[in-house]
Amino acid sequence: AENTAQKLEIESLTATIRNLSVEKTHSVLVPVEEYESMLKQVSDIVPMQESLYESERRRRELHNKLQEVRGNIRIFVRCRPFLESDAENSIDSMQPCLSFYKDDTSISLSSTALTSLSSSLRNVRNMPGSPSQPFSFDRIFNPEAKQKDVYREVAELVQSAMDGYRVCILSYGQSGSGKTHTMTGYANQGQSDQQGI
């Protein structure tokens, strides 16, 4: 009787295992039509991926050529605004000495600034005694320009760097002229419009 009970229990466990195996097999099997549909979708994706990679490669190439056409070396000028500390350090009343043109590529040094230069410096620089002396650059940012204006101008260079091309952005000027503010900004103050390049 004990032997028969064990046989019945073994047969019951065997049947349960078979049922589990059959259920597992049915859940894994995919109908042929569904499988063929999935294969077609995958085969459609491969050419799209290749097209996407080719388009991205072409975009990078054209973007780099555009940067080369604009000039591998560009000079931007950013004039910082008059600060309160400037008034404290000035001997005379300060007057603006720069005039900005609407084209954002030209600036002129006013006659006030020219007359304050020593005559020897004017002779060395070959600056005539005209009312103003014009200068041209690739881009000029007036004192009202925001960080985002500067970033918009150099964003394409940042894109080139992200694409793997070598890029250098150099900030040059005397102490207190705003180099650090332009490059790093004041992001720690929580103002997104004050973030640097």
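Look a little higher up for the structure.
As the structure is a prediction and not an experimental result, all values here were calculated from the model.

Each value, and the rule that gives it
Residues numbered from 1 in each chain as written. Predicted model: local features only at pLDDT ≥ 70, side-chain atom pairs only at ≥ 80, totals over all residues. Heavy atoms only, no water. Helix = DSSP H or I, 4+ residues; strand = E, 2+ residues; numbered from the N terminus. Buried < 20%, exposed > 50% of the residue type's maximum accessible area, 1.4 Å probe, protein only. Contact = heavy atoms within 4.5 Å. Salt bridge = Lys/Arg side-chain N within 4 Å of Asp/Glu carboxyl O. Axes fitted to C-alpha atoms, helices over the stretch in contact; angles between N-to-C directions. Parallel < 35°, antiparallel > 145°, perpendicular 65-115°, else oblique. Left-handed = near helix turned anticlockwise from the far one by under 90°. Nonpolar A, V, L, I, M, F, W, Y, C, P; charged D, E, K, R; others polar. Patch = residues over 30% accessible without salt bridge, like charges linked within 9 Å, V, L, I, M, F, W, Y side chains within 5 Å. Areas by Shrake-Rupley, 256 points an atom, 1.4 Å probe, with all protein chains shown as cover. Polar contact = N/O pair within 3.5 Å; in protein donor to acceptor, adjacent residues only side chain to side chain. Bend = angle between axes of the 7 residues up to and from the residue. Phe/Tyr/Trp six-rings, centres within 6.5 Å; stacked < 30°, edge-to-face > 60°. Pairing = 2+ DSSP bridges.

(A) Region of interest: the overall build of the protein. Tallying secondary structure elements over the protein gives seven helices and five strands in all. Starting at the N terminus, the α and β elements of the protein follow one another as α-α-β-α-β-β-α-α-β-β-α-α. Scored against the burial criterion, the 197 residues of the protein give a buried share of 15%. A separation of at least 24 residues holds for 56% of the contacts in the protein among residues at least 6 apart in sequence.

(B) Inspection of the pattern of salt bridges at higher detail. Tallying each qualifying case throughout the model produces 13 salt bridges. For the salt bridge of Asp163 with Arg59, the shortest nitrogen-to-oxygen distance reads 2.9 Å. Here Asp163 is found in the loop between α6 (147–162) and α7 (179–184), whereas its partner Arg59 is found in helix α2 (residues 32–70), with 104 residues between them in sequence. Among the salt bridges present, the one from Glu153 reaches Arg139, with a minimum N-O distance of 3.2 Å. Taken together, the positions of Glu153 in helix α6 and Arg139 in strand β5 (residues 139–141) put the pair 14 residues apart, joining distant regions of the chain. You can call Arg139 buried: its relative accessible area is 19%. What emerges from the salt-bridge pattern is a single network uniting Glu54, Arg57, Arg58, Glu61 and Lys65.

(C) Up close: the packing of α2 against α6. Here α2 crosses α6 at 135°, and the two axes come no closer than 10 Å. By the angle class used here, α2 and α6 are oblique. Both α2 and α6 take part in a crossing whose hand is left-handed. Mapping the contact onto sequence places Arg59, His63, Gln67 and Arg70 in α2 and Glu156, Leu157, Gln159 and Ser160 in α6. In the contact of α2 with α6, the residues fall into one nonpolar, four polar and three charged.

(D) Fine view of a nonpolar patch on the surface. A cluster of nonpolar side chains, namely Tyr35, Met38 and Leu39, defines an oily patch on the protein surface of about 300 Å² accessible area. Among the secondary structure elements, Met38 is positioned in helix α2. A relative accessible area of 41% means that Met38 is categorised as partly exposed.

(E) Quick peek at the side chain of Arg139. Only 3.2 Å separates the side chain of Arg139 from the side chain of Glu153, close enough to count as a polar contact. When neighbours within four sequence positions are excluded, Arg139 is seen to be in contact with Ile75, Phe76, Val77, Asp104 and Glu153.

(F) Expanded view of the environment of Ser99. Mapped onto the elements, Ser99 comes out in strand β2 (residues 98–100). Along the sequence, Ser99 and Gln133 sit 34 residues apart, while their C-alpha atoms lie 9.8 Å from each other. Beyond its immediate stretch of four places on either side in the chain, Ser99 contacts Ser106, Ile107 and Ser108.

(G) Structural context of α6. The sharpest bend along α6 reaches about 50° and sits at Val154. Against the buried residues of α6 lie α2, β1 (76–78), β5 and α7.

(H) Broad picture of the packing of aromatic side chains. With the rule as written, the count across this model stands at one aromatic pair. Measuring from centroid to centroid gives 6.3 Å for Phe76 and Phe141, while their planes differ by 90°, and the two rings are edge-to-face. One end of the pair, Phe76, is in strand β1; the other, Phe141, is in strand β5, and 65 residues separate them in sequence.

(I) Quick peek at the pairing of strand β3 (residues 106–110). Buried residues dominate β3, accounting for five of its five residues. Residues Ser106, Ser108 and Ser110 point to one face of β3 and Ile107 and Leu109 to the other, with burial holding for every one of them. Sheet topology note: the β2/β3 ladder contains three bridges and is antiparallel. In the sheet register, Leu98 faces β3, and the bridge partner there is Leu109. Following β2, the chain reverses through five residues before pairing antiparallel with β3; Asp104 in that reversal takes a positive phi of roughly 60°.

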